There are 2 protein chains.
Amino acid sequence: MSDKRKRYLLDEEEIPRFWYNIQADMPNKPQPPLNPRTKAPLSPEDLYPIFSKECSNQELNQTDAWIEIPEEVREKYKYYRSTPLVRAYGLEKALGTPAHIYFKNESVSPMGSHKLNSAIPQAFYCKQEGVTNITTETGAGQWGASLSYAASMYGLEAAVYQVKVSYEQKPYRRSMMQTFGATVTASPSMSTRAGKDIITRNPNYQGSLGTAISEAVELATTTPNCKYCLGSVLNHVALHQTVIGLEAEKQMEMAGEYPDVVIACFGGGSNFGGISFPFMRHKIAGEPGKEHTRFVAAEPSSCPKLTRGVFRYDYGDEAGYTPLLPMFTLGHNFSPANIHAGGLRYHGAGVIVSQLLKDGLMEAVDIPQLESFDAGMLFARAEGIIPAPESAHAIAATIREALKAKETGEEKVILFNLSGHGLVDMSAYDKYLSGDLQNYSISDEELAGNIAETDPLQP
Amino acid sequence: MSDKRKRYLLDEEEIPRFWYNIQADMPNKPQPPLNPRTKAPLSPEDLYPIFSKECSNQELNQTDAWIEIPEEVREKYKYYRSTPLVRAYGLEKALGTPAHIYFKNESVSPMGSHKLNSAIPQAFYCKQEGVTNITTETGAGQWGASLSYAASMYGLEAAVYQVKVSYEQKPYRRSMMQTFGATVTASPSMSTRAGKDIITRNPNYQGSLGTAISEAVELATTTPNCKYCLGSVLNHVALHQTVIGLEAEKQMEMAGEYPDVVIACFGGGSNFGGISFPFMRHKIAGEPGKEHTRFVAAEPSSCPKLTRGVFRYDYGDEAGYTPLLPMFTLGHNFSPANIHAGGLRYHGAGVIVSQLLKDGLMEAVDIPQLESFDAGMLFARAEGIIPAPESAHAIAATIREALKAKETGEEKVILFNLSGHGLVDMSAYDKYLSGDLQNYSISDEELAGNIAETDPLQP
């Protein structure tokens, strides 16, 4: 037992100096975003009014496979990176599987999740470009807390719209944001036109990421010197998150293994892309011994855009303020059930991931809420880390793979991303323990109806 | 900036193989514990009915300076140790101090604090000795969560008495314990004689660690095959925690520095002893360049046993079940104000620390609640880690030292222990942010009265 190494860490100098931009290597490049009014393809300049210039450029960069991490950002990464790659011996034992399970532990970030990896560069670029105010949406609050801290790091004012159901379910995350000096508003709110509109239509609406995005984008475009930052979905966010997979690749090498399966939970795609893309480049290149790897996105059954959505142009937000993006979607006004994995309650998938799924380079599974909490509890007791309800979806998918390996007796190597811990989500575990949680399902008719009614390219 | 290393980590093989037992090296050994009825000195065997045999032996071991960490425990340590030693550049900058500030980040433990370092060996020894049930007290819940997880690690049943005010203020920690399968009871409870007695006298009593200890000890001594585990105060707990300081010593060496001051918050003394004792051995030995180091315990002003208590024999618990211990105390029935640093609400100090304070090998400061939260907020914004309200006391004392260094222009090297994060204590920060927190003070008369009335060696 004593020769089995548990954790793999990198020296500071081995922290990646470049992010990996998979767009440059994709066999089929993503289609361009479209202007929501004219439907014309957008250039980076068209995005400047909303995002920092650097992020706008990164968003549409389909040529440079490696984009340098600014030294100032890398210095901030050093405070919590590398994050450990951990061999999950406890979980393997609990499952009695011959599989070798590894997880990348992003929960050790001071904010408790991977979100800081993109919050820091987004805030940094804004600061560098003279921006004074930033605004964003947040679901469970992992992203909002990270952006609030990154804003305070660079002396920016931050305004966060938090999905109402999470604002109420997870008051501690609101307090975290306020501790870093951010202004936090429950969404939908009466402070924006988008918020007012939806409250008028549906006074009891509990909010969604799509609505909160509308509010934040509206604030950014109506406030001087204010930019909008997004925590997932977009290409540049997944780009920043590739620091996860690039580290993991080096760490798996230290462990002398290469993953047969890479798994992450899926909300907009940033933690999935972050851990997957660096490994996927070897698959795309057809490298021997590395082309067989499967990439599995684990989404909630109640918000199944990858497994049951449609691929088409859609808005990134509920009100239709954002560019039109080619994505797997449930319709931009899709209102997901109030599951506790607030970070996965989003109607669409990022553009890159959508294209990769279409091209068969990755796959997706859907996880019912109760299965995700069963998995989270098992993992907590086996590994001592209480996972975020979002990350518990990745664990559930990992358990499915590990049990398949048990049946076949295969020593499969599974790597998943533990995107965050659940210490600020204990009220959800409380409900689970008292039997108050349920599964949610949507009928095919309901889904098809919502998708059909909301196609922005149909008159 | 880029050549400034932020964090120092050790390879797995460098995780200590021995704990350091300062008792063997103390110039004046601690006086023995006394039987509460006969007042006769106790041998390890007298402790066997309450604690595991191994912990009882460690408790009174005054001869072996190094005690081997069982291989099985070290294997568990590897899942989260070494913890990082971090250079607090952000805090230094915020204070404008020439001091070099380092902190040992115990908050990255999966339970969020240093407590797991002792929970694992305590549960392990119980398991090894055939014990099936363990019980304990907890204040803020850091210790209870850690022991609950350690119990589940070894298949033991755990029953935790949580101080009522914390049980109500910090429901998330209760959920954490329940997630690991523990039974959690608010203390004082009607489930024990000690609890009933105090509820009868004072129906609205919000509890204290002293009362919760009475309840747990009572349960242990009246339940078959059940042992009691304590999270601080005792010698063997501080012994286990020396893994912190032993790692920190190696890590400070990597940084090329040696601390002029070592600081930790103080409840019973385990995190203080854990980081201090390994460095203090060089002071005791009079080693050149290492004998000048100061050791500062930061206690809350509302529970000032080190700065305003008396040194004498006293009970470790409220009801008087435990052996009499030679300690700095406020009287065993001292009822501390409901500060949010629940882990510091204890009437007495550990035996070793009490002797060291008496002998002038260390010092103590008291921190008002508001100063601790001011410090916690400053640290959160400067370093991105929201500290536990307990740890914020260490930060406040660190800030005092750093500002003194600023006055004198000295490049003083300060090391403090960040014993835990505050993510499960956000309701306290919430209160601070809304201006609802206050300081508490006790008059000399009150203190003297309480101390005089409760001397167990006076008839």
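Residues numbered from 1 in each chain as written. Chains lettered and ligands numbered in written order. Predicted model: local features only at pLDDT ≥ 70, side-chain atom pairs only at ≥ 80, totals over all residues. Heavy atoms only, no water.

Asks: Could you clarify how one ought to interpret the overall build of chain A in this entry?
Replies: Helix and strand counts for chain A stand at 18 helices and 15 strands. For chain A, the spread of C-alpha atoms along the three principal axes comes to 60 × 50 × 45 Å. In chain A, which comprises 459 residues, the share counted as buried stands at 67%. Pairs at least 24 residues apart make up 77% of the contacts formed inside chain A by residues separated by at least 6 positions. (Helix = DSSP H or I, 4+ residues; strand = E, 2+ residues; numbered from the N terminus. Buried < 20%, exposed > 50% of the residue type's maximum accessible area, 1.4 Å probe, protein only. Contact = heavy atoms within 4.5 Å.)

Asks: I would appreciate a short explanation of the pairing of strand β5 (residues 100-105) of chain B in the present structure.
Replies: On a regular strand, one side chain projects to one face of the sheet and the next to the other, so that they alternate. Residues and elements named next belong to chain B. When you tally the buried positions in β5, you get six out of six residues, the bulk of the element. Of the two faces of β5, the one carrying H100, Y102 and K104 and the one carrying I101, F103 and N105 are both buried. Of the strand pairs in this sheet, strand β4 (residues 85-87) and β5 are connected by three bridges, and their pairing is antiparallel. Within β5, the residue paired with R87 across the bridge is Y102. Summarising the sheet, β5 and strand β15 (residues 413-418) pair through six bridges and their orientation is parallel. (Pairing = 2+ DSSP bridges.)

Asks: So what exactly am I meant to see when it comes to the packing of aromatic side chains here?
Replies: Aromatic rings in a pair are described by how distant their centres are and how their planes are angled relative to each other. Residue and element names in this part refer to chain B. Applying the stated rule across the entire model yields 29 aromatic pairs over all chains. For the pair Y77 and Y80, a centre-to-centre distance of 6.3 Å together with 85° between the ring planes defines the contact as edge-to-face. Residue Y80 is classed as buried on the basis of its relative accessible area, which comes to 2%. Relative to Y432, the ring of F373 has its centre 5.7 Å away and its plane inclined at 20°; by these criteria the two rings are stacked. (Phe/Tyr/Trp six-rings, centres within 6.5 Å; stacked < 30°, edge-to-face > 60°.)

Asks: Please clarify how the packing of helix α11 (residues 235-254) of chain A against helix α12 (residues 270-284) of chain A should be interpreted in this entry.
Replies: Residue and element names in this part refer to chain A. It is at 6 Å that the axes of α11 and α12 come closest, and there the two elements cross at 55°. The orientation of α11 relative to α12 falls into the category oblique. Crossing handedness for the pair α11 and α12: right-handed. Here V237, A238, Q241, T242, I244, G245, L246, A248, E249 and M252 of α11 come into contact with α12, specifically with S270, G273, G274, I275, F277, P278, F279, R281 and H282. (Axes fitted to C-alpha atoms, helices over the stretch in contact; angles between N-to-C directions. Parallel < 35°, antiparallel > 145°, perpendicular 65-115°, else oblique. Left-handed = near helix turned anticlockwise from the far one by under 90°.)

Asks: Looking at this structure, I do not really get the sheet that holds strand β10 (residues 261-265) of chain A. What am I missing?
Replies: Consider a sheet: its strands pair through backbone hydrogen bonds, and that pairing is either parallel or antiparallel. All names here are of chain A. With mixed pairing, the seven strands of this open sheet are ordered in space as β1-β4-β5-β15-β10-β11-β14. Edge strands, defined here as strands with exactly one partner in the open sheet, are β1 (7-8) and β14 (363-367). Strand contacts of α12: β5 (100-105), β10, β11 (294-300) and β15 (413-418), with the helix running at about 160° to β10, the strand carrying the most contacts.

Asks: What exactly am I supposed to notice about the relation of the copies chain B and chain A here?
Replies: What relates the pair of chain copies is a rotation about an axis plus a shift along that axis. Laying chain B over chain A is done by rotating through 180° and shifting 0.0 Å along the axis; what remains is an RMSD of 0.0 Å. With respect to symmetry, the two chain copies, as superposed, fit the operation of a two-fold axis. Both copies share a contact surface, since 100% of the interface residues of chain B are interface residues in chain A too. (Least-squares fit on C-alpha atoms with pLDDT ≥ 70 in both.)

Asks: Would you explain the interface of chain B and chain A in this entry?
Replies: How big an interface is tends to be expressed through the accessible area that disappears when the partners come together. Across the contact, 50 residues belong to chain B and 51 residues belong to chain A. Across the interface of chain B and chain A, roughly 4100 Å² is buried in total on both sides, 56% from carbon and sulfur atoms. When the buried area of chain B at its contact with chain A is split by residue, Y79, Y172 and T179 of chain B rank highest and sum to 19% of it. When the shortest N-O distance is used, the salt bridge between R174 of chain A and D430 of chain B registers 3.5 Å. Taken together, chain B and chain A are joined by 22 residue pairs in polar contact (both at pLDDT 80 or more). (Buried area = accessible area lost by both parts, 1.4 Å probe. Salt bridge = Lys/Arg side-chain N within 4 Å of Asp/Glu carboxyl O. Polar contact = N/O pair within 3.5 Å; in protein donor to acceptor, adjacent residues only side chain to side chain.)

Asks: When you look at helix α15 (residues 369-383) of chain B in this model, what are you seeing that I'm missing?
Replies: Residues that lie three or four places apart on an α-helix share one face, since the helix turns once every 3.6 residues. All names here are of chain B. For α15, built from 15 residues, the straight-helix expectation of 21 Å at 1.5 Å per residue is met to within 8% by its first-to-last C-alpha distance of 21 Å. Regarding α15, the residues found buried are Q369, S372, F373, A375, G376, M377, F379, A380, A382 and E383. Residue G384 follows α15 closely and has a positive phi angle near 80°. (Expected span 1.5 Å × (residues − 1).)

Asks: Explain a negative patch on the surface here, please?
Replies: Taken together, D11, E13 and E14 of chain A together with D11, E13 and E14 of chain B make up a surface patch of like negative charges. Along the polypeptide, E13 of chain A turns up in the loop between β1 and β2 (18-20). Accessibility expressed as a relative area gives 52% for E13 of chain A, which makes it exposed. (Patch = residues over 30% accessible without salt bridge, like charges linked within 9 Å, V, L, I, M, F, W, Y side chains within 5 Å. Areas by Shrake-Rupley, 256 points an atom, 1.4 Å probe, with all protein chains shown as cover. Lys, Arg positive; Asp, Glu negative; His and termini not counted. Charge placed at Lys NZ, Arg CZ, Asp CG, Glu CD.)

Asks: Could you clarify how one ought to interpret the sheet that holds β15 of chain B in this entry?
Replies: Residue and element names in this part refer to chain B. If you walk across this open sheet you meet the seven strands as β1-β4-β5-β15-β10-β11-β14, and the pairing is mixed. A strand with exactly one partner marks an edge of an open sheet, and here the two such strands are β1 (7-8) and β14 (363-367). Pairing geometry for strand β11 (residues 294-300) and β14, over five bridges, is parallel. Bridged to A297 within β14 is A364. Where helix α11 (residues 235-255) meets the sheet, it contacts β1, β4, β5 and β15, and its direction lies at approximately 140° from that of β5. Each of β5, β10 (261-265), β11 and β15 is contacted by helix α12 (residues 270-284), which is oriented at about 160° to β10, the strand it contacts most.

Asks: Explain the environment of F272 of chain B here, please?
Replies: Residues and elements named next belong to chain B. Tracing the backbone through its elements, the reader meets F272 in helix α12. Taking relative accessible area as the criterion, F272 reaches 0% and is therefore assigned buried. Look past the residues within four positions of F272 in its chain and what remains in contact with it is A264, C265, F266, F295, V296, A297, V353 and M362.

Asks: Please explain the environment of G289 of chain A as it appears in this structure.
Replies: Residue and element names in this part refer to chain A. Mapped onto the elements of the fold, G289 is located in the loop between α12 and β11. Given a relative accessible area of 52%, G289 falls into the exposed group. Taking C-alpha positions, G289 is 31 Å from L60, a pair spaced 229 residues apart along the chain.

Asks: Looking at this structure, how should I read the pattern of salt bridges?
Replies: Any two side chains of opposite charge can pair, so long as their charged atoms come close to each other. Under the defined criterion, the tally for this structure stands at 38 salt bridges over all chains. A salt bridge links R193 of chain A to D197 of chain A; the nearest nitrogen and oxygen atoms lie 4.0 Å apart. Here the residue R193 of chain A and the residue D197 of chain A both occupy positions in helix α9 (residues 193-201), the gap between them amounting to four residues, near one helical turn. Note on R193 of chain A: relative accessible area 60%, which makes it exposed. The exposure class of D197 of chain A is partly exposed, given its relative accessible area of 36%. Between D455 of chain B and R312 of chain B there is a salt bridge, and its shortest N-O distance comes to 3.9 Å. Taken as a pair, D455 of chain B in the segment after α18 (444-453) and R312 of chain B in strand β12 (residues 310-315) lie far apart in primary sequence, 143 residues in all. With a relative accessible area of 13%, R312 of chain B lands in the buried category.

Asks: Would you mind showing me how to read the confidence of the model for chain A here?
Replies: Per-residue confidence for chain A gives a mean pLDDT of 95, with 99% of residues at or over 70. The complex prediction reports pTM at 0.95, with the ipTM value standing at 0.92. (pLDDT = per-residue confidence, 0-100.)

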